[in-house]
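Coordinate inspection notes
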Amino acid sequence: MSQIPYLTILFLLPLLGGLFITFFVKNKDEEQRNINVKNTTLWISIFTFIWSLIILYNFDTDSSTYQFVEKLKWLPQHGIGYFVGVDGISLSMIILTTLLLPICVLASWSSIKHRVKEFMVLFLLLEAFIIGIFISLDLLMFYIFFEAVLIPMFLIIGIWGGENRIYSAYKLFLYTLAGSVLFLVAMIYIYTQFGTMEIPKLQRLSATMDLDVTKWLWLAFFASFAVKVPMFPFHTWLPDAHVQAPTAGSVILAGVLLKLGAYGFIRISLPFFPEASLYYQDFVFILSVIAIIYTSLIALVQEDMKKLIAYSSVAHMGFVTIGLFSFNTQGFDGAIFQMISHGLVSGALFLCVGVLYERLHTKSLDKMGGITTKMPNFAVLFMVFTMASVGLPGLSGFVGEFLALLGGFTANYMVGILASIGVILGAAYMLRLYRESMYGDIKNDAVNSLQDINITEKLVLGVLAVITIVIGIYPEPVLNLFDINVENILRLYR
Amino acid sequence: MTNFIPINLLFVLPEIILSIAGMALLAGGVFFNKLAKSTPAITIIILLAIFAFLFTVNINDQTIFNGLAKSSNYTNFIKLILVLAAAIVLIFTNNYFNERLINIGYEYYILIIYSLVGMFLMVSANSLITLYMGIELQSLSLYVLAGINKKSAKSSEASLKYFILGAVASCIFLFGASYVYGYTGSFDYIDIKNFVGKNYESITQVPSPLILGAVLVIAALFFKVSAAPFHMWTPDVYEGVKTPVTAYFSVLPKLAGVVALINMLNGTFLYVKPMWQQVVYFAAVASMFIGAFGAITQINFKRLLAYSSIGHIGYALVGIIAGGGESITSTVVYLIIYMFTSLAVFGCIMAVQNKDIDNAVEDEQIANYAGLSQVNPALAFMVAALLLSLAGIPFMAGFFAKFYVFTQAIDAGYIILAILGVIASVISAYYYLKIIKTMYFDEPKHAIQVEMSRLYKVVLYVLVAANLLLFIFVSDLYGYIEKLV
C-alpha cells in the first residue's frame, strides 16, 4: 500500500480550504473580497475533484478489500480510532460529491449576494463532512460525520433560503437528528458487545448475534437511514427543505445527502444484519412501493417546480431501496447506479430550476410557458435531464431504474409490477413539468425578455449532460467499479 | 497518633489558606479602603496560587482527621477544577461589573472564597457530618451571594426562595442522616458501608428506615445539584441573581454536589445499590425531560440555561447509575466538559450589552442577541459552537461527554434509559438551535454592544479552543481521570 495518505488529504483539502478562506481571504472592498472568496472556493473544490480522480486512477477494481487504508489511534482506551479506507461503492459516491461541489459553487456565483464568505466556507465544510462519511471505516467516525453534516445544511437553508426557510431548516435538523440518535444507541450497544467500532471487523463479528437482538438493532439503524433516504413516511422534511434551500443547497441535498441513507444501508445494515435484513425485506418493499406510487401521484399535481422534483426524488429513491433489498446482483448494481444517476440528474434539474428562478423569480409552473422559443439552448439541456429522470433508454436514469426493477421482479414479481407503475407515473409528471414550463403560450410577460443561458451555465449543464449520456450508453466502467464489493455483500445472502 | 496534626494540615492546606485569606480580607477591608478595592485581584491571585499548589502536589490515598475526611489525587483534581472554574468566573465578573459601572462590594469575593471552602469539604468528605458542614458552608455563602444585588426585588426574592428551600433540604439531609446513624451507629462512610455489608445478606433484609434515611440524604443532595424533582428553585434563582452569580451557581456547586453524591453512592450505600439505582434512574429521566421541555418556551437566556443545567444533571446521573470506576470517570468527564462549556456560554452572554434606549429590552433576553452574527461574528460563532457542544452535536467536546455516559448506561444494561436520554437530547437541541437561529437568521433589532477586556477575551478564546480540541484529545482527559479514580 502506498505511503501517501490519499484519503486524509482528500478530507483535509476542503476543510483546511474553508479555514483558509475564513482567516486569510480579506479585502477592504467587499466586492473584491467576494470575488476572491468565490475564486478560491472554486479552485479548492476543483482541486479536490482532481485529487479524487487521482485516487480513482490508483484504485484497484479487482481487489475486494478496503483500499488506501489509514489507521491512527484516537480513543485508545475504547479501541476507537481514526480509520479510513474506500471500496468501489464509497469511491463512486466520493467522486459524485467532489464533482457536484464545483458545480454548486458556480451555481451560486451570482445568485448568492449577501454573506458570500460564510456561504462558501459552509459549502467546503459540508464537502469535508460528506467525504468524511464516505471514507469512515470506524462506526463512531461515521456517526460523527453523519450528524455533523446537519450543521452546515441547517445554516445554508436557514440563512440563504426562501421565505419559509427557518421552519424548513428546523424540520431538516430535528427530523434527521431524531433518527440518528437511535443510530447512536444501537452503535453503543454493538460496541459494548464486541468492544470495537471498526466496520470491517464488525461485519464479521455481528454474524454471531442473536436474531432477536439484531431485529431491534436493524430497526434503530433503519430509523436513522430511512429519514435520510428518505423513505415514506419519513419523507416530509424533504420537499420543505428543497423548496426553501438555495439552488446550490438543493443540488447538494438531492445529489449527495439523499444518498447517505442508502449508503448507510449498504455499509452497515445489510452486511451487519443479513438475517434481520431478510426478515424486514417485505417491510422495506412495501414502504418503497408506497413511496414510489404515492409521491409520484403527489408530484403530478405540484405547481412548484422544485417541489415536483423533490417528490420525484423520493420516488426515485424508492427504486434504490427496492434494488438494495432484492438481494441480487442486478438489483444491487441498479440501486447503486441509480444513486449515482439520480445524484447527477436531479442535481442538474435543480440547477435548471435555479436558472429559471434567477431570471423569472418564480418557481411556479403557471407563471412559465413558452420558454423554448426564448431559451433554445437551455431547452435542449433541460430536455436531456427530464428524459434521464423519466428513464429513457440511452440515458443514465434508464440503466439504474431498469436494473433495480429487474432485481425487484426477481425477488418478488408483485413489487416489480407495482414499481413499474411508478415508471409510467414518472414519465407523466416529468413530461408535464417540461410541457407546462417550456412549451405552450407565454403566460408571463417576463418570459418575453428572457436571455438564454450564459457560458458558465452552458458549461455546467453541458458537463452533466455529457456524463448522463455517456454512462447511460456505456455503464460498464461504473458498474465495474463496485461490482466486486457488491458480490462480497451479497455472498452473505446466499 | 501523636504527630498526626502537622501531617494532616498539609492535606487541608488549600482550605486553610482560603479560610484565613477570607477572614483577613474581610477584616482588613473594613479598616483599609485600599485593601477592599484590590480584593478582586488578590482573590484571583490566591485562587491561582491554590491551583498551582494542587497541580504540583502528589499524595497517596488516605483518610485524615480520624476518618472525617479523605484526601487523594482524585479529590485534589476535583478541587483543582473547582478553583480554576472559580477563577474564571471572577475574571468574567470583574469585566461585567466594570463595564456596567456597578460597585458590587468586596464581600462578593469573600463569599466566593467561603463557598469554595464548603465545596472542598464536600468533595473530601468521608463522613456525613463533614459532608453536612460542607454543604452548609457552601449553601450559606450562596444564599447571600444570590441576594448580593440588594436593590433588586427579583434578586432578594431569589435569595429568599433559595434560602427557605435550601434550609428545608438541609433539614431533610439531617433527618435522613439521623436515621442512618440510628441504625448503623456511625457517620463514617466506611463504617456505614461495612455495617450494612456485614449485617444484611441481601438488600431485602435491610430495614426500610435505613433505606428511607439513605433516600432522604440522596434527595437533599439532589436538591443541591438541582436534579428533578427538586429543581423548582433553579429557574427563579438563576433569573433573579446577577449574571456572574448565575454563572457561578450553574457550574461549581454542580460538580461539588455530584462528586459528593458519587462518593456516597459508591462508598456508603454500595450495598443498597439496587435501591438507589431506582432513585437515580427516576431522577435522571425526570431531570432530562424537565430540562428539555422546560427550556423550550423560555425567552430569558438565563432561565433557559437554568433548565438546560437541570437537563445536564440528568445526563450526569445517567453516568452515575452503572456504578464503579468507569461510570465515575464518565460522569466526571461529563461534568467537567459541561462546566467549562457552560462557563464559556455565560462569558459570551455577559459580554453583550443592549445600548438601545428606545427599545430597551432587559439584559439577557434571547431577543437581545438577534443578528449577533453580523455585529460580532466571532462571538456569535463561539456561542453557536458552545451551544452545539451543550446539545451534544459532534465536533464539540459535548458529544463525547454524552457518548461516554450513554456507553456506561448501555454497558450496564440500561438501554431504555439511554434511549430516553437521546430523545431528550433531540428535544433540547431544539432550544439551543433557537438561539443559534436568533443570532444567525434574524436581523439585528437592538443596538447591542460587545465589550471585553483583553484578559476576558483570552480566557474566552481558550475555553472555546479547549472545547474544540478536547473533541480530538478527549481520550487523554478520560484516561487521566480514570487513573485518578
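The following paragraphs examine the structure supplied in this document. (Residues numbered from 1 in each chain as written. Chains lettered and ligands numbered in written order. Predicted model: local features only at pLDDT ≥ 70, side-chain atom pairs only at ≥ 80, totals over all residues. Heavy atoms only, no water.)

Focus: the interface of chain A and chain B
For interface size, the figure often reported is the accessible area lost on association. On the side of chain B, 38 residues touch chain A, which itself brings 36 residues to the contact. Summing both partners gives a buried area of about 3,100 Å² for chain A against chain B, and 81% of it is carried by carbon and sulfur. Of all residues in chain A, Trp74(A), Tyr170(A) and Val185(A) bury the most surface against chain B, accounting for 17% of the area lost on that side. Across the contact surface, chain A and chain B share zero salt bridges. Summed over the shared surface of chain A and chain B, the result is three residue pairs in polar contact (both at pLDDT 80 or more). Those elements that place two or more of their residues in the side of chain A that touches chain B are β1 (67-75), α5 (139-148), α6 (150-160) and α7 (165-194) of chain A. Split into classes, the residues belonging to the side of chain A that touches chain B amount to 29 nonpolar, four polar and three charged. (Contact = heavy atoms within 4.5 Å. Buried area = accessible area lost by both parts, 1.4 Å probe. Salt bridge = Lys/Arg side-chain N within 4 Å of Asp/Glu carboxyl O. Polar contact = N/O pair within 3.5 Å; in protein donor to acceptor, adjacent residues only side chain to side chain. Helix = DSSP H or I, 4+ residues; strand = E, 2+ residues; numbered from the N terminus. Nonpolar A, V, L, I, M, F, W, Y, C, P; charged D, E, K, R; others polar.)

Notes on α7(A)
For α7(A), with 30 residues, the first-to-last C-alpha span of 43 Å sits near the 44 Å given by 1.5 Å per residue. Of the residues one or two after α7(A), Gly195(A) is the one with positive phi, at around 70 degrees. (Expected span 1.5 Å × (residues − 1).)

A word on the pairing of β1(A)
Residues and elements named next belong to chain A. Here six bridges tie β1 to strand β2 (residues 80-86), and the two strands are oriented antiparallel to one another. Residue pairing in the sheet places lysine 71 in a bridge with phenylalanine 83 of β2. With antiparallel pairing between neighbouring strands as the criterion, β1 and β2 make up a hairpin whose turn holds four residues, including glycine 79 at a positive phi of roughly 60 degrees. (Pairing = 2+ DSSP bridges.)

Brief notes about unusual backbone geometry
Going from Val229(A) to Pro230(A), the amide bond is cis rather than trans, its omega being -15 degrees. Inspection of the secondary structure assignment puts Pro230(A) in the loop between α9 (211-228) and α10 (237-244). The omega torsion of the bond from Ala228(B) to Pro229(B) falls at 0 degrees, within 30 degrees of zero and hence cis. As for its placement among the helices and strands, Pro229(B) is situated in the loop between α9 (208-224) and α10 (233-240). Phi angles above zero are rare outside glycine, and His361(A) is one such case at about 55 degrees. Among the structural elements, His361(A) can be located in the loop between α15 (329-360) and α16 (371-374). For His361(A), a relative accessible area of 61% puts it in the exposed group. (Buried < 20%, exposed > 50% of the residue type's maximum accessible area, 1.4 Å probe, protein only.)

Some details on the nonpolar core
Ranked by size, the top nonpolar core spans 392 residues in total, and within it Leu140(A), Tyr248(B) and Phe400(B) carry the most contacts. In terms of residues, this core owes the most to one element, helix α14 (residues 325-351) of chain B, which gives 18 residues. If we ignore the near neighbours within four places in the chain, the residues touching Leu140(A) are Trp74(A), Leu75(A), Ile80(A), Met187(A), Met197(A), Phe399(B), Phe400(B) and Phe403(B). Counting residues in each nonpolar core, the second largest holds five residues, with Phe11(B), Val12(B), Ile64(B) and Ala69(B) among its members. (Core = buried A, V, L, I, M, F, W, Y, C linked by side-chain atoms within 4.5 Å.)

What to know about the packing of aromatic side chains
With the rule as written, the count across this model stands at 74 aromatic pairs over all chains. Aromatic pair Phe327(A) and Tyr493(A): ring centres 4.2 Å apart, planes at 10 degrees, arrangement stacked. Highlighted residues: Phe327(A) in the loop between α14 (305-324) and α15 and Tyr493(A) in the segment after α22 (476-490), separated in sequence by 166 residues. Note on accessibility: Phe327(A) and Tyr493(A) belong to one class, buried. Between Phe301(B) and Tyr369(B) the ring centres are 5.3 Å apart and the planes differ by 85 degrees, which places this aromatic pair in the edge-to-face class. One end of the pair, Phe301(B), is in helix α13 (residues 301-320); the other, Tyr369(B), is in the loop between β3 (352-354) and α15 (372-375), and 68 residues separate them in sequence. Relative accessible area serves as the criterion here: at 0%, Phe301(B) is assigned to the buried category. With a relative accessible area of 3%, Tyr369(B) lands in the buried category. It is Lys215(A) that lies over the ring of Tyr279(A); its NZ or CZ is 3.9 Å from the centre. (Phe/Tyr/Trp six-rings, centres within 6.5 Å; stacked < 30°, edge-to-face > 60°. Lys NZ or Arg CZ within 6 Å of the ring centre and 35° of its normal.)

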